Amino acid sequence: MRLLVTGGAGFIGSNFVHTTVRDRPDVEVTVLDALTYAGDATSLAPVADRVTLVQGDITDGALVDRLVGESDLVVHFAAESHNDNSLHDPWPFVQTNLIGTYTLLEAVRKHGVRYHHISTDEVYGDLELDDPAKFTADTPYNPSSPYSSTKAGSDLLVRAWARSFGVQATISNCSNNYGPYQHIEKFIPRQVTNLIDGVRPRLYGAGENVRDWIHVEDHNTAVWAIIDRGQIGETYLIGADGEKNNLEVVQTLLEVFGRPTDDFDHVTDRAGHDMRYAIDATRLRTELGWEPTFTDFGAGLRATVEWYRANEAWWRPAKAATEAKYAQAGH
Ligand code: NAD
Ligand code: DAU
C-alpha cells in the first residue's frame, strides 16, 4: 500500500508514521508537510530511511495532485492546530484547514483514492461541567474558535464530497492528545518544559476547564482501526475516558517534579475558552473492537515527562520564542 500522510512532521502525524513503519512493513510512506513552525523533520529522524518526506504545502494543487495520484490512501493530519494562535491570526487557519482540505478532496476525487480525515472534538463546541452527556457523532456542530470553526468547515467539506461525489472517505474526531513530539506551545509540554527549566506552570483562568486526554499512540491505533474496518462515509469519535481538569493536570505534573502542588501561576484566560470536552467512543469500541492501551494517565504523563527530559535537543530551540509569544499575549 502506498500511503500519503499530510502533516506527518507534526505531533500526531509523526507518531502515526512511527507506528505505521513499526507495525506495517508493507506500507510505503510518503509525508507531505510544509514544515511550518509546528513541523520538524527531526521528528521523523528515527524512521528517515523508511519514509519519503516531501516539503510542500497542501494548498499547492499541482503538487497535491501528483502525490495523491501516486497513492492508494491519504491520511490527512496537516492543519494549523493551536487555538491561541487562531485568536491572534486566523488567516493561516482558513488557508490550511479549509483550502488545504478542499485541495486534497479534489485530488482524491479525481484519482479515486481512499481518504481518512483527522479532526477534533472541538467541532462540537463545549459541554457544561455537570452535563451528563458526552459528544457523539450525532452532536450538532457548534465550534467556538477560528481553529475549531475551520476544522468544522473542513469536516463538512469531506461529508459533502463523500455524498455528492462518492469520495471514499471516513472522518475521526479525537479528544486532546498527549505524548512525545508535541509542540511546546501546547498545555502539557509547555508546563513540562517550564518545570524542567525551574519555571512555574501557567494555568489559564481558574483551571476548571476539562479536557478528555488520550495518549497519541491510542489515537493512532484507532485511526488504523477505522482505515481497516470503518464504514465508508462514517464519522467515528476517538476518546479514552480521560477527563481531567487543567488544575489536576498541573498538580500531577508538580508531583512528578517533586514540587508543592500550589507552585503555579494563574494567568489571563483564553478568550472564548471552551469549558469541557468529553467523548463517547462506544461505537469505536463496539463496532471496530478498538481499546486504548494507555489507561493510566499518571503513568502516561510520567513517560511523557521522561521523553521531554531525554529529548531536550528536540524542543529547546523553540522554547524562548514560544514563551515570548505567550508573554506578549499576557499568558
Ligand atoms: P501539529 O500542529 O503538531 O502539526 C501540524 C503539521 O501540519 C505540522 O507538521 C505542520 O508543518 C503541518 N502543516 C501545517 N500547515 C500545512 C500546510 N499548509 N501544508 C502542509 N503541511 C502543513 O498538529 P497536531 O497536534 O499533530 O494535529 C494533527 C491533526 O490532528 C490536526 O488536523 C488537528 O486538528 C488534529 N487533532 C489534534 C489533536 C491534539 O490534541 N493535538 C486532537 C484531535 C485532533
Ligand atoms: O480537543 C482536541 C484539541 O486539543 C485539538 O483539536 C487541538 O489541536 C489541540 O491543540 C487541543 O486544543 P486545546 O485548546 O484543548 O489544547 P491546549 O493544549 O492549547 O490547551 C489545553 C487546555 O489547557 C485548555 O483548557 C487551555 C489550557 N492551557 C493551555 C496552555 C497553553 C493552560 O491552562 N495554560 C497554558 O499554558
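Rules behind the numbers
Residues numbered from 1 in each chain as written. Chains lettered and ligands numbered in written order. Predicted model: local features only at pLDDT ≥ 70, side-chain atom pairs only at ≥ 80, totals over all residues. Heavy atoms only, no water. Helix = DSSP H or I, 4+ residues; strand = E, 2+ residues; numbered from the N terminus. Rg over C-alpha atoms; globule rule 2.2 N^0.38 Å. Buried < 20%, exposed > 50% of the residue type's maximum accessible area, 1.4 Å probe, protein only. Contact = heavy atoms within 4.5 Å. Areas by Shrake-Rupley, 256 points an atom, 1.4 Å probe, with all protein chains shown as cover. Lys, Arg positive; Asp, Glu negative; His and termini not counted. Charge placed at Lys NZ, Arg CZ, Asp CG, Glu CD. Near = heavy atom within 4 Å. Polar contact = N/O pair within 3.5 Å; in protein donor to acceptor, adjacent residues only side chain to side chain. Pairing = 2+ DSSP bridges. Axes fitted to C-alpha atoms, helices over the stretch in contact; angles between N-to-C directions. UniProt positions renumbered as here; feature names shortened; annotations may be inferred. 1 Å grid on protein atoms, 1.4 Å probe; cavity = no way out; pocket = protein on both sides within 12 Å on 5 of 7 lines; lining within 4 Å. Points joined across faces, edges and corners; volume = space filled by probe spheres on them. Nonpolar A, V, L, I, M, F, W, Y, C, P; charged D, E, K, R; others polar. Core = buried A, V, L, I, M, F, W, Y, C linked by side-chain atoms within 4.5 Å. Phe/Tyr/Trp six-rings, centres within 6.5 Å; stacked < 30°, edge-to-face > 60°. Parallel < 35°, antiparallel > 145°, perpendicular 65-115°, else oblique. Right-handed = clockwise from strand over helix to strand, strands pointing away.

Chemist: I would appreciate a short explanation of the overall build of the protein in the present structure.
Modeler: Helix and strand counts for the protein stand at 11 helices and 13 strands. In terms of overall dimensions, the protein is globule-like: its C-alpha atoms have a radius of gyration of 19 Å, near the 20 Å expected for 331 residues. Principal-axis analysis of the C-alpha atoms places the extent of the protein at approximately 55 × 45 × 40 Å. Expressed as a percentage of its 331 residues, the buried residues of the protein come to 55%. Restricting the contact set of the protein to residue pairs at least 6 apart, pairs at least 24 apart contribute 81%. Accessible surface for the protein amounts to roughly 13,400 Å². Of this, 50% is attributable to carbon and sulfur atoms. Within the protein, the 47 negative side-chain charges are centred at a point lying 2 Å from the centre of the 29 positive side-chain charges.

Chemist: Mind showing me how you'd approach the site of ligand 1 here?
Modeler: Taken together, 28 residues lie near ligand 1, and Ile12, Asp33, Ser81, Tyr147 and Lys151 sit nearest. Between an oxygen atom of ligand 1 and a main-chain N or O atom of threonine 36, the distance comes to 3.1 Å. Compared with its free state, where it exposes 830 Å², ligand 1 has 96% of that area covered by protein. Mapped onto the shell around ligand 1, the elements with two or more residues apiece are α1 (11-23), β5 (114-120) and α5 (146-165).

Chemist: Looking at this structure, how should I read the sheet that holds strand β1 (residues 2-6)?
Modeler: The strand order across the open sheet formed by 7 strands is β3-β2-β1-β4-β5-β6-β11, and the pairing between neighbours is parallel. With one partner strand each, in any of the chains shown, β3 (51-55) and β11 (235-238) form the two edges of the open sheet. Taken pair by pair, the neighbouring strands of this sheet meet at an average axis angle of 20°, ignoring direction. Helix-sheet contacts for helix α2 (residues 61-69) involve β1, β2 (28-33), β3 and β4 (73-76), and the interaxial angle to β2 is about 170°. Those strands touched by helix α4 (residues 91-111) are β1, β4 and β5, and its axis lies near 160° from that of β5.

Chemist: How should the UniProt feature "domain: NAD(P)-binding" (unreviewed entry) in the protein be read in this particular structure?
Modeler: UniProt records the feature "domain: NAD(P)-binding" (unreviewed entry) for residues 4-295 in the present numbering. Along residues 4-295 the backbone is 38% helical and 17% strand, and the end-to-end C-alpha distance reaches 30 Å.

Chemist: Even after reading the chapter, I still don't get the layout of surface pockets, so can you show me in this structure?
Modeler: Rolled over the atoms, a probe with the dimensions of a water molecule shows which regions are left empty. Taken as a whole, the second largest pocket spans an internal volume of roughly 230 Å³. Lining the second largest pocket are 16 residues, and of these Asp84, Asn85, His88, Asp89 and Lys325 sit closest to its centre. Contributing elements (two or more residues each) for the lining of the second largest pocket: α3 (83-88), α4 and α11 (312-328). The leading source of residues in the lining of the second largest pocket is α11, at 4 residues.

Chemist: What is the right way to read the site of ligand 2 from this model?
Modeler: Looking at ligand 2, there are 25 residues lining it, with Thr120, Asp121, Tyr147, Arg270 and His273 nearest. At a separation of 2.8 Å, a nitrogen atom of ligand 2 approaches a polar backbone atom of arginine 202. Those elements giving two or more residues to the shell around ligand 2 turn out to be α6 (187-196) and β8 (202-204). When the residues that make up the shell around ligand 2 are grouped by side-chain class, the tally is 7 nonpolar, 10 polar and 8 charged.

Chemist: Hey, could you run me through the nonpolar core in this one?
Modeler: If you look at soluble globular proteins, the nonpolar side chains tend to sit buried side by side. Among the nonpolar cores identified, the biggest contains 43 residues, and Leu3, Phe16, Val17, Val29, Val75 and Leu284 are the most heavily contacted of them. For this core, the secondary-structure elements that each account for two or more residues are β1, α1, β2, β4, α7 (216-229), β11 and α9 (282-288). Of all the elements, α7 adds the most residues to this core, at 7 residues.

Chemist: Help me understand the packing of aromatic side chains in this model?
Modeler: In this description, an aromatic ring pair is defined by two values, namely the gap between the centres and the angle between the planes. This structure, assessed with the given rule, holds 15 aromatic pairs. Each ring, one from tyrosine 178 and one from phenylalanine 297, has its centre 5.2 Å from the other, and the planes form 75°; the classification is edge-to-face. Residue tyrosine 178 is found in strand β7 (residues 177-178), and its partner phenylalanine 297 is found in helix α10 (residues 297-310); the two are separated by 119 residues along the sequence. Accessibility expressed as a relative area gives 2% for tyrosine 178, which makes it buried. Members of the aromatic cluster, connected to one another through ring pairs, are Tyr124, Phe135, Tyr141 and Tyr277.

Chemist: What am I meant to see in the packing of α6 against α11 here?
Modeler: Helix-helix packing is characterised by the crossing angle of the two axes and by the distance between the axes. Running from N to C, α6 and α11 cross one another at 105°; their axes reach a closest spacing of 11 Å. What the angle tells us is that α6 and α11 run roughly perpendicular. Only Trp315, Lys319, Glu323 and Tyr326 of α11 make contact with α6, whose side of the interface consists of Arg190, Thr193, Asn194 and Ile196.

Chemist: Quick question: what am I supposed to make of the pairing of strand β6 (residues 169-174) here?
Modeler: Regular strands place side chains that alternate from one sheet face to the opposite one. Across the 6 residues that make up β6, a large majority, 6, are buried. Burial along β6 is two-sided: the face carrying Ala169, Ile171 and Asn173 and the face carrying Thr170, Ser172 and Cys174 are both buried. The pairing of β5 with β6 spans 6 bridges and is classified as parallel. Across the sheet, the residue bridging to tyrosine 115 is alanine 169, located in β6. Each parallel crossover has a hand, and the one from β5 via α5 to β6 is right-handed. Here β6 pairs with β11 via 4 bridges, running parallel. Each bridged residue has a counterpart across the sheet, and for cysteine 174 the counterpart in β11 is isoleucine 238.

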